[in-house]
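Descriptive analysis of the structure
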Amino acid sequence: MIDFEEFRALYRELRQSDFGSNLHRMVKSRSDLMTHGSKTGSNDVKHSVRLEEQVAFADWLNKNLAADEDCQRYLPFEEDGSDLYKKCDDGIILCKVINIASPDTIDERVLNKGEKLSLFKRNENITLALNSAQSLGCVVVSMGASEVVAGTQHLILGLLWQIIKVGLLADVNLAANSELRALFGTSEASIEDIRSLAPEQLLMKWVNYHLERAGSKRRIANFSDDIKDSEAYAYLLQQIIPKESGNGMHSASDILQQREHQTRAELVLQNAELVDARVFVQPSDIVAGNSNLNLAFVANLFHKFPSLPEPGEDGAEDGAGRVGAGGVGAGPISADENHAGFGADAFLIDETREEKTYRNWMNSMGVAPRVNYLYTDLRSGLTLFHLYDLIRPGIVRWPRVHKTFHRMRENFERLENCNYAVELGRQVGFSLVGIGGEDLLEGNVTLTLALVWQLMRAYTLAILSKLAGSAAAGKRIDERAIIAWANQRLERGGKSGRLSSFQDLAIADARLVLDLIDCLRPGSVNYANVLEGTTEAERLQNAKLAINLGWRAGAKIYALPEDIVEVKPKMVMTIFACLMQLDFESPATVKLAASPVSTTSNSSAGGDSLGSGSASQQ
């Protein structure tokens, strides 16, 4: 094991020689990991940081933040990435990376800028970054502002990778890139199953598609062992790089004549460098099979040179019902059928905002397996059981759950899991009239959304009820209690607005939400930034400001600005619930002026049918 200073000295020495060839060999012989300690209670815990990822992310930051004026004082990062953690300690770098991964997520009007920020302002920026990352589906575990300020390496590096990955994989789907239809040729897989593929799986199919077209028999099933010898990369780059850009390229045959894998990898990256695609990986990372960095390398290649035929061109499938010959659907189709994955335009349908919010919420909870497409990824029931266990720990009787499936009985075992998931929903008081396990197994859109919404609602209210234990003398929380709390806080803060329901059109300009945030964090809202809200564009800007200020204050909001402007009652409820949670987590918790009600009650407030299990937002 090498310590940090020893690694830095070794790194500088190797930069003077054949860095790409020698770093991996010399460091790997001792360790490719750097360890650092932390304390958990009375225990000393050792955590590891992969040095090659530290180097890769520092290089990526140098390239992607080069044009950002706010970041000039941080650049360049050291080549070994050793200053990465210290330079993240005011939250600005993290916020900038989030906006690269998901443009306009963070409203820079709320970002505290300057060279000498107080600890309070730095903590605000970091909290803004963490909560916005969580809203994108990142898992933020055991991580708060104090860990970032302290430069906790494994947490910061892990968060950076999650955010970068969100950006790299955001458009690796059939809705954003319809040319991906070509990957399935004459496959008889259903469009619904194809849409359920994870971005990583689509990228592997993309690589294999080009390997086949290049005449290679090689195929990959991962981004680690299958790429170590560089054969897949040699053919891939030869196939996708335009001829006019490939002057001086090493041919695949020339590369594969080299016996040393390290030499092959260097030649591959020299080819990538010709088209400005030498990012994330060093030759040693290819040879070692670093799956994260090789995934990032391939995703970048896909974005630069997808090299796929447009739908309708020779080699592209016809895109209806089933892929390939004989797949054209007959007759008109309904909107529900189209959404579920049938019809000529099924590939082009992106997930709705509601679906994206649910997916990001579930993934941020650390569910396994990770959810990519609601209507297929919940069929096993495993994700649902994970969520039930978070809502009411111990409710899931795990011996009843099929965690793996036998090939001959898979459909039956999945159905048993789905039936049990519905049974648990009834146990916790969900309204599941007309919903059976077969509906989840079949991916019924309306009924799946109904269950997932009630899971999100129950999780939110369960946290509130737990926090309210001391503040409200054991009173449990539902929508009416949230409205009562909001109006109480608005009145105490001297604000004139009041909330009548979660369908109240006064919410649309976001001023009510902004006023509530200002009551919770006096002075946090700069009203010079708040627009009149007479146009939809102004209302959207206000809503974006409100969500960002909520994040900065510490609220874990998943809803989108459009949900406020369009007054979507379900998502609006979650915003107010998150702000209420923030209030309860504050040292001086305000007592509720609300009557005791049950968390599992399906009653509504002000006409909001939020607990009914309805899948559509009114």
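Residues numbered from 1 in each chain as written. Predicted model: local features only at pLDDT ≥ 70, side-chain atom pairs only at ≥ 80, totals over all residues. Heavy atoms only, no water.

An unreviewed UniProt entry annotates the chain as Calponin-homology (CH) domain-containing protein originating from Macrostomum lignano.

If you tally the helices and strands in the chain, you get 26 helices and 2 strands. For the chain, the accessible surface area stands at approximately 26300 Å², while carbon and sulfur atoms represent 48% of it. (Helix = DSSP H or I, 4+ residues; strand = E, 2+ residues; numbered from the N terminus. Areas by Shrake-Rupley, 256 points an atom, 1.4 Å probe, with all protein chains shown as cover.)

You can see Asp-504 is positioned in the loop between helix H22 (479-492) and helix H23 (511-520). Lacking a salt bridge, the buried Asp-504 has Arg-498 as its closest oppositely charged neighbour, with an N-O distance of 10 Å. Only 2.9 Å separates the side chain of Asp-504 from the side chain of Ser-500, close enough to count as a polar contact. There is a polar contact of 2.9 Å between the side chain of Asp-504 and the backbone nitrogen of Ala-506. If we skip the residues at most four places from it in the chain, Asp-504 touches Arg-498, Leu-499 and Val-567. (Buried < 20%, exposed > 50% of the residue type's maximum accessible area, 1.4 Å probe, protein only. Lys, Arg positive; Asp, Glu negative; His and termini not counted. Salt bridge = Lys/Arg side-chain N within 4 Å of Asp/Glu carboxyl O. Polar contact = N/O pair within 3.5 Å; in protein donor to acceptor, adjacent residues only side chain to side chain. Contact = heavy atoms within 4.5 Å.)

Glancing now at the side chain of Arg-379. Its location among the elements puts Arg-379 in the loop between helix H17 (374-377) and helix H18 (382-391). Within the structure, the side chain of Arg-379 is placed 3.3 Å from the backbone oxygen of Tyr-375, a separation counted as a polar contact. Among the polar contacts made by the side chain of Arg-379, one reaches the main-chain carbonyl oxygen of Leu-441 at a distance of 3.0 Å. If we skip the residues at most four places from it in the chain, Arg-379 touches Glu-192, Asp-193, Arg-414, Cys-418, Leu-440, Leu-441, Glu-442 and Gly-443.

Considering all chains together, one arrives at 9 aromatic pairs under this definition. Judged by centre distance (5.4 Å) and plane angle (45 degrees), the rings of Phe-385 and Tyr-420 are tilted. Linking Phe-385 in helix H18 with Tyr-420 in helix H19 (residues 410-427), this pair joins segments that are 35 residues apart in sequence. When sorted by exposure, Phe-385 lands in the same class as Tyr-420, which is buried. Every member of this aromatic cluster is reached through a ring pair, and the members are Phe-385, Trp-398 and Tyr-420. The ring centre of Phe-77 lies 5.1 Å from the NZ or CZ of Lys-87, which sits over that ring. A cation sits over an aromatic face here: Arg-400 above Tyr-420, 4.0 Å from the ring centre. (Phe/Tyr/Trp six-rings, centres within 6.5 Å; stacked < 30°, edge-to-face > 60°. Lys NZ or Arg CZ within 6 Å of the ring centre and 35° of its normal.)

Moving on, we get to the pattern of salt bridges. This model, assessed by the stated rule, comprises 31 salt bridges. Linking Lys-63 and Asp-59 is a salt bridge whose minimum nitrogen-to-oxygen distance equals 3.2 Å. One end of the pair, Lys-63, and the other, Asp-59, are both in helix H3 (residues 51-64), 4 residues apart, so they sit about a helical turn from each other. Residue Lys-63 is classed as partly exposed on the basis of its relative accessible area, which comes to 44%. By relative accessible area, which is 31% here, Asp-59 ends up partly exposed. A salt bridge links Asp-583 to Arg-489; its shortest N-O distance comes to 3.1 Å. You can see Asp-583 sitting in helix H26 (residues 569-585) and its partner Arg-489 sitting in helix H22, a full 94 residues away along the chain. Of the residues examined, Asp-583 reaches a relative accessible area of 3% and is grouped as buried. Given the relative accessible area of 11%, Arg-489 is considered buried.

Given a rise of 1.5 Å per residue, 17 residues ought to cover 24 Å, and the 24 Å separating the end C-alpha atoms of helix H5 (residues 119-135) matches this to within 8%. Burial within H5 is extensive, with 12 of its 17 residues counted as buried. Those residues of H5 that are buried lie in contact with helix H4 (92-101), helix H6 (145-149), helix H7 (153-169), helix H16 (353-364) and helix H24 (536-553). (Expected span 1.5 Å × (residues − 1).)

What follows is about H18. Burial analysis of H18 places 7 of its 10 residues in the buried class, which makes it a mostly covered element. Looking at H18, one finds that the buried residues are Leu-382, Thr-383, Leu-384, Phe-385, Leu-387, Tyr-388 and Ile-391.

Bringing the nonpolar core into the picture now. Ranked by size, the top nonpolar core spans 184 residues in total, and within it Trp-206, Met-362, Tyr-388, Ile-482 and Phe-576 carry the most contacts. If you tally residues by element for this core, the top one is helix H21 (residues 445-471), at 14 residues. If sequence neighbours within four positions are ignored, Met-362 has contacts with Val-367, Val-371, Leu-374, Leu-378, Thr-383, Leu-387 and Val-452. (Core = buried A, V, L, I, M, F, W, Y, C linked by side-chain atoms within 4.5 Å.)

In this chain, Leu-75 is followed by Pro-76 through a cis amide linkage whose omega measures -10 degrees. Looking at the element boundaries, Pro-76 is found in the loop between H3 and H4. Omega for the peptide link from Ala-368 to Pro-369 comes to 0 degrees, which places this bond in the cis form. The phi torsion at Val-567 lies on the positive side, around 50 degrees, for a residue other than glycine. Among the secondary structure elements, Val-567 is positioned in the loop between helix H25 (561-565) and H26. Val-567 sits in the buried class, given a relative accessible area of 6%.

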